[in-house]
Amino acid sequence: MGENFDTNNSDIRKALEAIEKNNNKGELDMNVSAVCQNENGEKYAFVTFSDGVREAEGSIPKCKIIRNQGFADIEIQQLEKYMRDNLTQLKKMAAGVDIFSAFLES
């Protein structure tokens, strides 16, 4: 069995164009939501990773990716490890998000 290295794939072309357009050098943007609470009183927050082409969303404190668009399985494992390794900091970031500031006029 041979590997498929078809560079005419439209998804690959789109990804390469976006990377070139944004001058992306393999960096990920990360955003952390405010702390939420479910009906059982359990607190959680969302962590979103994006490189302009792909996006994944994880949930803390479970440190699991719950939505993925374009990341490979090994990359998802690395993102989950990142969340576990940095859970304390991510929780602090989520606790510091002021959702009401979005509604205030400047």
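What follows covers the confidence of the model for the protein chain. When pLDDT is averaged across the protein chain, the result is 82; 70% of the residues are at 70 or more. Highest mean pLDDT in the protein chain belongs to strand 5 (residues 64–69) (98); lowest belongs to helix 1 (residues 10–22) (58).

It is worth spelling out the packing of aromatic side chains at this point. Summed over all chains, the structure comprises two aromatic pairs. Residues Tyr44 and Phe46 carry aromatic rings whose centres are separated by 5.4 Å and whose planes lie at 80° to one another, so their mutual orientation is edge-to-face. Relative accessible area serves as the criterion here: at 25%, Phe46 is assigned to the partly exposed category. Between the aromatic rings of Phe49 and Tyr82, the centroid separation amounts to 6.1 Å while the plane-to-plane angle is 85°, which identifies the pairing as edge-to-face. Linking Phe49 in strand 3 (residues 43–50) with Tyr82 in helix 2 (residues 73–85), this pair joins segments that are 33 residues apart in sequence. Phe49 sits in the buried class, given a relative accessible area of 3%.

Given a rise of 1.5 Å per residue, 13 residues ought to cover 18 Å, and the 18 Å separating the end C-alpha atoms of helix 2 matches this to within 8%. For helix 2, the full list of buried residues reads Ile76, Leu79, Glu80 and Met83. The buried residues of helix 2 occupy one face: seen down the axis, they fall within an arc of 100°. Of the exposed residues in helix 2, those oriented more than 90 degrees away from the buried face are Ile74 and Asp85. Where helix 2 is buried, its residues meet strand 3, strand 4 (55–60), strand 5 and helix 3 (87–95).

Thresholds, definitions, all that
Residues numbered from 1 in each chain as written. Predicted model: local features only at pLDDT ≥ 70, side-chain atom pairs only at ≥ 80, totals over all residues. Heavy atoms only, no water. pLDDT = per-residue confidence, 0-100. Helix = DSSP H or I, 4+ residues; strand = E, 2+ residues; numbered from the N terminus. Phe/Tyr/Trp six-rings, centres within 6.5 Å; stacked < 30°, edge-to-face > 60°. Buried < 20%, exposed > 50% of the residue type's maximum accessible area, 1.4 Å probe, protein only. Expected span 1.5 Å × (residues − 1). Arc of directions from axis to C-beta. Contact = heavy atoms within 4.5 Å.

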